[in-house]
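Notes for the structure review
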Amino acid sequence: MAAQNTDADWVARLADEVVAEVERRAPGRVVVASGLSPSGPIHLGNLREVMVPHLVADEIRRRGLECVHILSWDDFDRLRRVPADMDSSWAEHVGKPLTSVPAPPGSPHPNWAEHFKAPMAASLARLGVQYRGVSQTQMYTSGAYVDQVLLAMRERARIDAVLARYRTKAAPVRAVAEVAAGEADAAAAELAAEGSGAATEDEGVTSAGYFPFKPYCSVCQRDLTTVTGYDDATTAMTYTCVCGHTQTVLLTEFRDGKLVWKVDWPMRWAYEGVVFEPSGVDHQSPGSSFDVGGQLVRDIFGGEQPIGPMYAFVGITGMAKMSSSRGGVPTPADALEIMEEFLLRWLYTRRRPQQAFSVAFDTELHRVYDEWDAVERKVAEGTASDLDFSSYDRAVRTAAGELPRTARPLPYRTLASVADITTGDPAQTLRILSDLDPQHPIGSLDEVRPRLDRAQCWVETQLPATQRTRLRLEPDRAALDGLSDQQRGALKLLLDGLDTHWSYEGLSKLVYAVPKLQAGLTADAKPTPELKVAQRTFFALVYRLLIGSDTGPRLPTLLLAAGQDRVRTLLCG
Ligand SMILES: [Zn+2]
């Protein structure tokens, strides 16, 4: 069905704007763009850089129009510092293009950039993101931009004048990022800025004048070079390098260098005809590259600035400490280990780009899954709001097709509890999951995959050892001996009802009913404050006897997981 063009559906609204802009410029192909710098692991926070244009492109394709989503890999950027986890000998590579830096030891990839691109590309494929990847190394070294480079050099005085006007107004990037993201998220914001091409490299001012082109040294490959002269008539450019090398090259032929970022970005808008490219707050402060680029693309490159809404940072909460070899930086691949593809998409589809949000790696994820399941039920019943429907629909499919789904989507928190208690044992898992709803038993674990796999991975990687559930092997004699008559009575009511209530729903009713029956009420009596206290007290007693803790997985799940025999042994000794 066609997406509803309502205010609630931000994707449709942006797609309307983009299509109208294309009509205004010159009807034809729609081009949207993203840029990522593979300078290290690509942070999950950078996924928004791709998801916002992806969703707009997908909406345009759903309307039957052609739309190209260009993903610029900024792999011709310089390595800016010795990466965390690499020894100091790596310093010799600082200043080289990311594609000229060796891959980390043991990597199957040919260079540093490819090593970090590959997992991101794999995640994007899983998320159903269709794009045309453009390597900036390939573009520059093949000579694709020679005319644009010569133009920028010819117009260097005008470019310098534009940059100079903004230089005085420029606010420090970090300060802006902190205001936008809040003090706590400033570090994440900085990380995100790093992966988004916001290289705050020098703008090309030298003592010999202003040059927007920065060569990589032919001897040491680094960009620690200074342009000392340029002849417009012959395109002869002379540079010196800190390594001692001096060289004169013809820019019509020389390929080993690039335009500085603030000139490079608008050049590419014009070159590709980009109509839509959102960017993070770090690009959008006054005097930022987006501002400056808007003027340069018109004045110098004869193009137009894309529609470029600012998107807010995406934070990460509750991620357990990961192995230090990955630098503790969560990537989209890490998120996809513990959640299904559509769920990660949904986090982006349901919030406008200006809204900040966090991706939860802790038990908050269980709540998000509950919310998703509720929306899915409403969609199936036809009672979902327009916003719920559109954000759901954009999460589960693209113009190219459906994303993978779980045939029987059992509650994630239940699957996590079962994975926790069984430590992943397949036979036990199948037994417990089949007991959840004996009317519709599970025939094979494949029916509950891949959600089960994600929940098992969540338990393995995110649930702290101290919070793991350990069923007692032997009854707690001391506790059992110290029970009051009232407590014994409650446990007897529970044990007597086990057989006839052995399902998730049945046990849910039973555990809430026990305190009511003890109070002389019927099982369906309305809960009072006193009853609620009695229920909580009773649950805590059962938890203590089963797992030695006051709280744990939901009680029906725990009882099913323990099995009737073990429950009887532990509750009456
Ligand atoms: Zn050099």
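Below you will find a few notes about this structure. (Residues numbered from 1 in each chain as written. Predicted model: local features only at pLDDT ≥ 70, side-chain atom pairs only at ≥ 80, totals over all residues. Heavy atoms only, no water.)

A few words on the sheet that holds strand 9 (residues 246-250). What the 3 strands build is an open sheet, ordered 7-8-9; its pairing is antiparallel. Each of the sheet's edge strands pairs with one partner strand only, and the pair in question is strand 7 (225-231) and strand 9. For this sheet the average axis-to-axis angle between neighbouring strands, irrespective of direction, equals 25 degrees. Pairing geometry for strand 7 and strand 8 (residues 236-241), over 6 bridges, is antiparallel. (Pairing = 2+ DSSP bridges. Helix = DSSP H or I, 4+ residues; strand = E, 2+ residues; numbered from the N terminus. Axes fitted to C-alpha atoms, helices over the stretch in contact; angles between N-to-C directions.)

Here the amide bond leading from Arg449 into Pro450 is cis, since omega sits at 5 degrees, within 30 degrees of zero. On the secondary structure map, Pro450 appears in the loop between helix 16 (426-436) and helix 17 (451-462). Residue Gln221 is not a glycine yet carries a positive backbone phi of 70 degrees. Inspection of the secondary structure puts Gln221 in the loop between strand 6 (213-215) and strand 7. One non-glycine residue, Thr235, lies in positive phi territory at about 65 degrees. Mapping Thr235 onto the fold places it in the loop between strand 7 and strand 8. For Thr235, a relative accessible area of 8% translates into the label buried. (Buried < 20%, exposed > 50% of the residue type's maximum accessible area, 1.4 Å probe, protein only.)

Now for helix 12 (residues 341-349). Within helix 12, 9 of the 9 residues are buried, which leaves it mostly tucked inside the rest of the structure. Among all positions of helix 12, only Glu341, Phe342, Leu343, Leu344, Arg345, Trp346, Leu347, Tyr348 and Thr349 are buried.

Packing of helix 1 (residues 10-25) against helix 2 (residues 47-62) brings their axes to within 9 Å, and their N-to-C directions diverge by 75 degrees. Between helix 1 and helix 2, the interaxial angle falls into the category roughly perpendicular. Along its contact with helix 1, which presents Trp10, Val11, Ala12, Leu14, Ala15, Val18 and Val19, the element helix 2 presents Val52, Leu55, Val56, Glu59 and Ile60. The residue makeup of the contact of helix 1 with helix 2, split by class, is 11 nonpolar, no polar and 1 charged. (Parallel < 35°, antiparallel > 145°, perpendicular 65-115°, else oblique. Contact = heavy atoms within 4.5 Å. Nonpolar A, V, L, I, M, F, W, Y, C, P; charged D, E, K, R; others polar.)

The subject of this paragraph is the coordination of the zinc ion. Taken together, the protein ligands of the zinc ion are Cys217 (SG), Cys220 (SG), Cys241 (SG) and Cys243 (SG), with distances of 2.3 Å. Its 4 donor atoms give the zinc ion angles of 103 to 119 degrees at the centre, a pattern that matches the tetrahedral case. In this structure Cys217 comes out as buried when scored by relative accessible area, which is 1%. (Donors = N, O, S within 2.8 Å, 3.2 Å for Na, K, Ca; no water. Tetrahedral: all angles 85-135°; square planar, octahedral: opposite > 155°, others 65-115°.)

The subject of this paragraph is the nonpolar core. Proteins that are soluble and globular tend to have nonpolar side chains buried together. Leu344 and Tyr348 are the most contacted members of the largest nonpolar core, which has 102 residues in total. Setting aside residues no more than four positions away along its own chain, Leu344 makes contact with Leu44, Leu47, Leu127, Pro332, Ala335, Leu336 and Met339. Formed by 47 residues, the second largest nonpolar core is a distinct cluster that contains Val31, Leu151, Leu163 and Trp261. (Core = buried A, V, L, I, M, F, W, Y, C linked by side-chain atoms within 4.5 Å.)

All right, on to the pairing of strand 3 (residues 132-135) then. Looking along a regular strand, one sees the side chains alternate between the two faces of the sheet. With 4 bridges joining them, strand 2 (residues 67-73) and strand 3 adopt parallel strand pairing. Bridge pairing links Ser72 to Val134 in strand 3. One crossover worth recording links strand 2 to the parallel strand 3 by way of helix 3 (residues 112-126), and it is right-handed. (Right-handed = clockwise from strand over helix to strand, strands pointing away.)

This next bit is on helix 17. With 12 residues, helix 17 should cover 16 Å at 1.5 Å per step; its first-to-last C-alpha distance of 16 Å lies within 8% of that length. Among the 12 residues that make up helix 17, 9 are buried, leaving the element largely enclosed by the rest of the structure. For helix 17, the complete set of buried residues consists of Arg451, Leu452, Arg454, Ala455, Gln456, Cys457, Trp458, Val459 and Gln462. In this structure, the buried side of helix 17 is in contact with helix 3, helix 11 (332-338), helix 12, helix 13 (364-381), helix 15 (412-422) and helix 16. (Expected span 1.5 Å × (residues − 1).)

Once that is clear, we can look at the packing of aromatic side chains. Per the counting criterion, the structure on display carries 19 aromatic pairs. On the basis of an interplanar angle of 25 degrees and a centroid distance of 4.7 Å, the ring pair of Phe342 and Trp372 is categorised as stacked. In this pair, Phe342 sits in helix 12 while Trp372 sits in helix 13, placing the two residues 30 residues apart along the sequence. Judged by its relative accessible area of 2%, Phe342 falls in the buried class. With centroids separated by 5.2 Å and ring planes inclined at 80 degrees, the aromatic side chains of Tyr348 and Phe357 adopt a geometry described as edge-to-face. Exposure class is identical for Tyr348 and Phe357. Each is buried. (Phe/Tyr/Trp six-rings, centres within 6.5 Å; stacked < 30°, edge-to-face > 60°.)

Tracing the backbone shows Gly244 in the loop between strand 8 and strand 9. Note on Gly244: relative accessible area 61%, which makes it exposed. Expressed as a C-alpha distance, the spacing of Gly244 and Glu337, which sit 93 residues apart in the sequence, is 49 Å.

This is a description of form; function is not addressed.
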